[in-house]
Every structure is written in C-alpha cells, then in structure tokens.
Amino acid sequence: MHARRGVPEAVTRATVSALGGVMSTHRQIFGRAGVGLIPLWSPPLRFRGTDFEIGRHAFTRAQLGIGDGVSGHVLMMHIPPTGRLDAQASEESVAQATRLFERCYPEEPVAAFVCHSWLLDPDLADYLSADSNIIRFQRRFDLLPQLPMKDPSEGDREMMRLGLHLSVPDDGPLTEDDLDRVPQETSLQRAFVSHLRAGEHWQLRTGVLRKPS
Ligand SMILES: CC(C)(COP(=O)(O)OP(=O)(O)OC[C@H]1O[C@@H](n2cnc3c(N)ncnc32)[C@H](O)[C@@H]1OP(=O)(O)O)[C@@H](O)C(=O)NCCC(=O)NCCS
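Because the structure is predicted, anything quoted here is derived from the model rather than measured. (Residues numbered from 1 in each chain as written. Predicted model: local features only at pLDDT ≥ 70, side-chain atom pairs only at ≥ 80, totals over all residues. Heavy atoms only, no water.)

1. Thoughts on the sheet that holds strand E3 (residues 71-78)
Consideration 1: Reading across from one edge, E1-E2-E3-E4-E6-E5 is the order of the 6 strands in this open sheet, with mixed pairing throughout. A strand with exactly one partner marks an edge of an open sheet, and here the two such strands are strand E1 (51-54) and strand E5 (142-143).
Consideration 2: Pairing of E5 with strand E6 (residues 205-210), which is carried by 2 bridges, proceeds in the antiparallel orientation. By the bridge assignment, Asp 142 is partnered in E6 with Val 208.
Consideration 3: Each of E1, strand E2 (57-65), E3, strand E4 (110-117) and E6 is contacted by helix H6 (residues 87-104), which is oriented at about 50 degrees to E2, the strand it contacts most. (Pairing = 2+ DSSP bridges. Helix = DSSP H or I, 4+ residues; strand = E, 2+ residues; numbered from the N terminus. Contact = heavy atoms within 4.5 Å. Axes fitted to C-alpha atoms, helices over the stretch in contact; angles between N-to-C directions.)

Here it is as structure tokens:
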C-alpha cells in the first residue's frame, strides 16, 4: 500500500519497526516485557496506511468534518519515546511529512498539524527552562482553549505513564505513594510532583501548528 503511494521504503520500515520503541517503553514502565502498550503503536492504523513514522514524529492522517460542508484534512502529530525532542529534528520531521503527504496523498491537502499531549500544558513553563526542548516545542503551537475535563486526574496519570514512564493506577487521582515513586533527578520530575503537591493538575492540551510554507 505504501509502495503504491510512493512512500519511501525508509518511512515504511520506521513505521513498522516503531513497535520496538513501544516494547522497550513497556519494559521501562513495568520492569518486564509485555504487550499492554501495543495499542500505542496502533496496529490497525499502521497497517491500513493511516499512521506513519517520519523522522522524529509519528503522524496520523485525519479528517475534520464540522457540518455544513466545512471539512478538511489534518495530520495528528505524536512524539514517540525515541530520545530527546531536538527542535531541529522536530521541524525537519514536520517539513518532511508535509512534502511526503503532498506527494503521496495529493487528494488530502493538509491544513495543519494537531497535537494533543501533556507536553502542551502551559503550566510546564513555570518549571522548565525557557530553552528546554519541551518549552521550545510548545512555542510553535497555537493552543485551543481548554474544555472542562470529566476526569481532572487524567492528565496527571497520562503524564506520569507516557511522559515519565512510571506505572499508574487505571483511574482516580494519584496518591502520595504514587508521588513518592517519582525520582527527583530532573526538572520535569520535580515539576510533576511540586505541581500536584500544590493542589494543581496537569492537563492534556490540544495545539495547532500551521503547515510550513
Ligand atoms: C518528550 C521528551 C522527548 C522530551 O525530552 P527532552 O528533549 O529531554 O526535553 P527537555 O529538554 O525539555 O527536558 C527538560 C527537563 O526534563 C527532563 N526530562 C525530559 N523528559 C523526561 C522524562 N521522560 N523523564 C524524566 N525527565 C525528563 C530533562 O532531563 C530535563 O531535565 P533537566 O532540566 O533537569 O536537565 C521526553 O519527555 C520523552 O521522551 N517523553 C516520552 C514520550 C512522550 O511523552 N510523548 C508524548 C506522548 S502524548
């Protein structure tokens, strides 16, 4: 399917082999091998030609439809746990994705990139240095307004599990015992705990990044 669309073989290989990163994240979080995180790799999307690993980021082809004929195409942008979030590598990945989708999916003109992540919580700027990769990444996005969350602890659990690679309860707020398990070696780990101990929550936020011209 990729070959028919002219997707470079290197992108196909990266898209399939990203499973290795998911398996090693499982080992980091739970201390053993397991298949519990495979949904993060999204087999149905990968094998249907919907999810692609292109350089630093993964992208999901998505369609917007908001009634009255208003519609368009966007790429959902993901940050796989493959090392640091170098700004140049990130920008190159977006530029490469822009070119690849223009060439391989011309009938789906991409209007923008959309990211939904703990990485876009603006409160992180109160704790991390302005030139950290996370804050530089945030500055490239226009944030959509935050909607009330049904479960105020969802962002806390998501950041602890996906961001810090620590195990979390399936639901409910994090406990003092959970916070005690977070090492305090990096500014992100310290930020995570201080914010929660101050009675705040971490939020999953959605940001929109314009397509590079
Ligand atoms: C996103 C990610 C690549 C950012 O890493 P980075 O490039 O090192 O980010 P920064 O330069 O902004 O790091 C700022 C600080 O946070 C620390 N940090 C970043 N990611 C960390 C992590 N996963 N665990 C612990 N500390 C982390 C850095 O070491 C640095 O600490 P310091 O100031 O004490 O030196 C990294 O957090 C990661 O791999 N996360 C897992 C994947 C993920 O969460 N994806 C999003 C899913 S929605």
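2. A word on the site of the ligand
Consideration 1: Near the ligand you find 20 residues, and of these Arg 84, Leu 85, Ile 134, Gly 163 and Ser 187 are the closest.
Consideration 2: At 2.8 Å, a backbone N or O of Leu 85 approaches an oxygen atom of the ligand.
Consideration 3: When the ligand is considered free in solution it has 900 Å² of accessible area, and contact with the protein chains removes 76% of it.
Consideration 4: Elements with a contribution of two residues or more to the shell around the ligand: helix H7 (133-139), helix H8 (154-163) and helix H10 (187-197).
Consideration 5: In terms of residues, the shell around the ligand owes the most to one element, H10, which gives 3 residues. (Near = heavy atom within 4 Å. Polar contact = N/O pair within 3.5 Å; in protein donor to acceptor, adjacent residues only side chain to side chain. Areas by Shrake-Rupley, 256 points an atom, 1.4 Å probe, with all protein chains shown as cover.)

3. Quick look at the environment of Arg 157
Consideration 1: Structurally, the position occupied by Arg 157 is in helix H8.
Consideration 2: Separated by 12 residues in the primary sequence, Arg 157 and Pro 169 place their C-alpha atoms 7.6 Å from one another.
Consideration 3: Among residues more than four places away in sequence, those in contact with Arg 157 are Asp 151, Val 168, Pro 169, Asp 170, Asp 171, Gly 172 and Leu 174.

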